[in-house]
Amino acid sequence: MKNNTRISVIIPFFNANSHIDSCIRSLEIQSNINKIEIIMVNDGSTDQTEKKIKNCNSINIRLIQNKENLGPAAARNLGIKSANVEYIYFFDVDDELDKDTFHNFETNLNENNYDLIFSDRKRMLNSKNLRENISEYESEKIVHNLEIIELMKSRFFNPHKVHRIFDLTGRLIKREIIVKNNIFFEEKLRYLEDECFMWRVLSNINEAKYIKKQLYIYNIRPNVSSGISEAFKKDFDLNNYLIVRHQLRNSLQKKGFDKKEISRIS
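Residues numbered from 1 in each chain as written. Predicted model: local features only at pLDDT ≥ 70, side-chain atom pairs only at ≥ 80, totals over all residues. Heavy atoms only, no water.

## Re the overall build of the protein
Turning to step 1, where the next piece is worked out: A tally of helices and strands in the protein yields ten helices and ten strands.
Turning to step 2, where the next piece is worked out: Relative to its length of 266 residues, the protein is compact, with a C-alpha radius of gyration of 18 Å against a globular reference of 18 Å.
Turning to step 3, where the next piece is worked out: Viewed in the frame of its principal axes, the protein has a C-alpha envelope of about 55 × 45 × 40 Å.
Turning to step 4, where the next piece is worked out: For the protein, the residues scored as buried account for 50% of the 266 residues in total.
Turning to step 5, where the next piece is worked out: Put simply, of all contacts in the protein between residues at least 6 apart along the chain, 80% involve residues at least 24 apart.
Turning to step 6, where the next piece is worked out: Between the mean site of the 42 positive side-chain charges and the mean site of the 37 negative ones, the protein shows a separation of 2 Å. (Helix = DSSP H or I, 4+ residues; strand = E, 2+ residues; numbered from the N terminus. Rg over C-alpha atoms; globule rule 2.2 N^0.38 Å. Buried < 20%, exposed > 50% of the residue type's maximum accessible area, 1.4 Å probe, protein only. Contact = heavy atoms within 4.5 Å. Lys, Arg positive; Asp, Glu negative; His and termini not counted. Charge placed at Lys NZ, Arg CZ, Asp CG, Glu CD.)

What follows is the structure in structure tokens.
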């Protein structure tokens, strides 16, 4: 790893043979890929995904693995613990990236060491972008603490308005914030674990930078099982929601919400 590397890209995968080629191509086309640390976490795959990664000579990939399928939370935690640089970037193996993704992020990092940087994203279904010409804000901006608090409130009282700041994938998060505050994914959860993680991150940041570009490409695959559908095939009982509520309460308290509002939201 070169000394000027600032970004660790963490990619968990499980039996991703049909997606790994496009995932690797998304990384290969990045103009500054030699300055990116790529960590791929094998979550107990039994297909040919790992073999394809090992045969990839065009980019430097660090491959680590769980011995069995423990779920994306455990895989991402392993990636976080293995990362060595300033910023963490989560990338799902069945999605793709714009060719200038990391160039844009590094340009903004040179401007300031933001706690979090996020962008717009494409939502692709049958080669059609469902978010064509749709953006979160009219222009690039810094989202300050008071606005983050308002967005956290609206997440519950206006849930149809899903703001990009809550997304897990496709943003830079300062690693120091994750490690210093012991923010890891709840491994008991196979659903809502990403949202719980982001609530804890948001409760520990003071500002975020928004980039008005669709840098992340989220692929909608209607005939493929999702993390949510797989979660509900398993034993997702009431105790899991109690875990979510506990983490939510702690995040709201850390962000300065009063007791009455915490009770109302949770």
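So much for the structure itself; the text now carries on.
## Digging into the nonpolar core
Turning to step 1, where the next piece is worked out: If you look at the biggest cluster of nonpolar residues, it comprises 39 residues, and the most contacted ones within it are Phe90, Leu116, Ile165 and Phe197.
Turning to step 2, where the next piece is worked out: Per-element tally for this core: the top contributor is helix H7 (residues 193-202), with five residues.
Turning to step 3, where the next piece is worked out: If we skip the residues at most four places from it in the chain, leucine 116 touches Ile165, Arg171, Leu172, Ile173, Met198, Val201, Ile205, Glu207, Ala208 and Lys209.
Turning to step 4, where the next piece is worked out: Within the second largest apolar cluster, 31 residues are counted, among which are Cys23, Ile38, Met40 and Leu215. (Core = buried A, V, L, I, M, F, W, Y, C linked by side-chain atoms within 4.5 Å.)

## Details of the packing of aromatic side chains
Turning to step 1, where the next piece is worked out: Here the structure, examined in full by the defined rule, presents ten aromatic pairs.
Turning to step 2, where the next piece is worked out: Relative to tryptophan 199, the ring of phenylalanine 166 lies with its centre 5.6 Å away and its plane at 40°, an arrangement referred to as tilted. A residue pair is termed long-range when its members are at least 10 positions apart, and phenylalanine 166 in the loop between helix H5 (145-157) and strand E9 (171-174) and tryptophan 199 in helix H7 qualify at 33 residues.
Turning to step 3, where the next piece is worked out: One aromatic cluster is present, formed by Tyr89, Phe102 and Phe105 through successive ring pairs. (Phe/Tyr/Trp six-rings, centres within 6.5 Å; stacked < 30°, edge-to-face > 60°.)

## Topic: the packing of H5 against H7
Turning to step 1, where the next piece is worked out: Across the interface, H5 lies against H7 with an axial gap of 11 Å and an inter-helix angle of 150°. In terms of orientation, H5 and H7 fall into the roughly antiparallel class. Where H5 crosses over H7, the handedness of that crossing is left-handed. Note on element contacts: H7 touches H5 through Glu195, Trp199 and Leu202, opposite Ile148, Met152, Arg155 and Phe156. (Axes fitted to C-alpha atoms, helices over the stretch in contact; angles between N-to-C directions. Parallel < 35°, antiparallel > 145°, perpendicular 65-115°, else oblique. Left-handed = near helix turned anticlockwise from the far one by under 90°.)

## Concerning a nonpolar patch on the surface
Turning to step 1, where the next piece is worked out: Side chains of Leu238, Tyr241 and Leu242 sit close together on the surface and give an oily, nonpolar patch of about 290 Å² of accessible area.
Turning to step 2, where the next piece is worked out: Within the secondary structure, tyrosine 241 sits in helix H9 (residues 238-254).
Turning to step 3, where the next piece is worked out: Residue class for tyrosine 241 comes out partly exposed when judged on its relative accessible area of 36%. (Patch = residues over 30% accessible without salt bridge, like charges linked within 9 Å, V, L, I, M, F, W, Y side chains within 5 Å. Areas by Shrake-Rupley, 256 points an atom, 1.4 Å probe, with all protein chains shown as cover. Salt bridge = Lys/Arg side-chain N within 4 Å of Asp/Glu carboxyl O.)

## Things to note about the environment of arginine 25
Turning to step 1, where the next piece is worked out: Tracing the sequence through the fold places arginine 25 in helix H1 (residues 20-28).
Turning to step 2, where the next piece is worked out: What makes arginine 25 partly exposed here is its relative accessible area of 49%.
Turning to step 3, where the next piece is worked out: It is 9.6 Å that separates the C-alpha atoms of arginine 25 and lysine 99, two residues lying 74 residues apart in sequence.

## Looking at unusual backbone geometry
For residues other than glycine, phi is negative in most cases, and the peptide bonds are mostly trans.
Turning to step 1, where the next piece is worked out: Positive phi, normally seen in glycine, also occurs at asparagine 15, with a value near 45°.
Turning to step 2, where the next piece is worked out: Looking at the secondary structure, you find asparagine 15 in the loop between strand E1 (7-13) and H1.
Turning to step 3, where the next piece is worked out: Accessibility expressed as a relative area gives 31% for asparagine 15, which makes it partly exposed.
Turning to step 4, where the next piece is worked out: Within the chain, asparagine 182 stands out as a residue other than glycine whose phi angle is a positive 55°.

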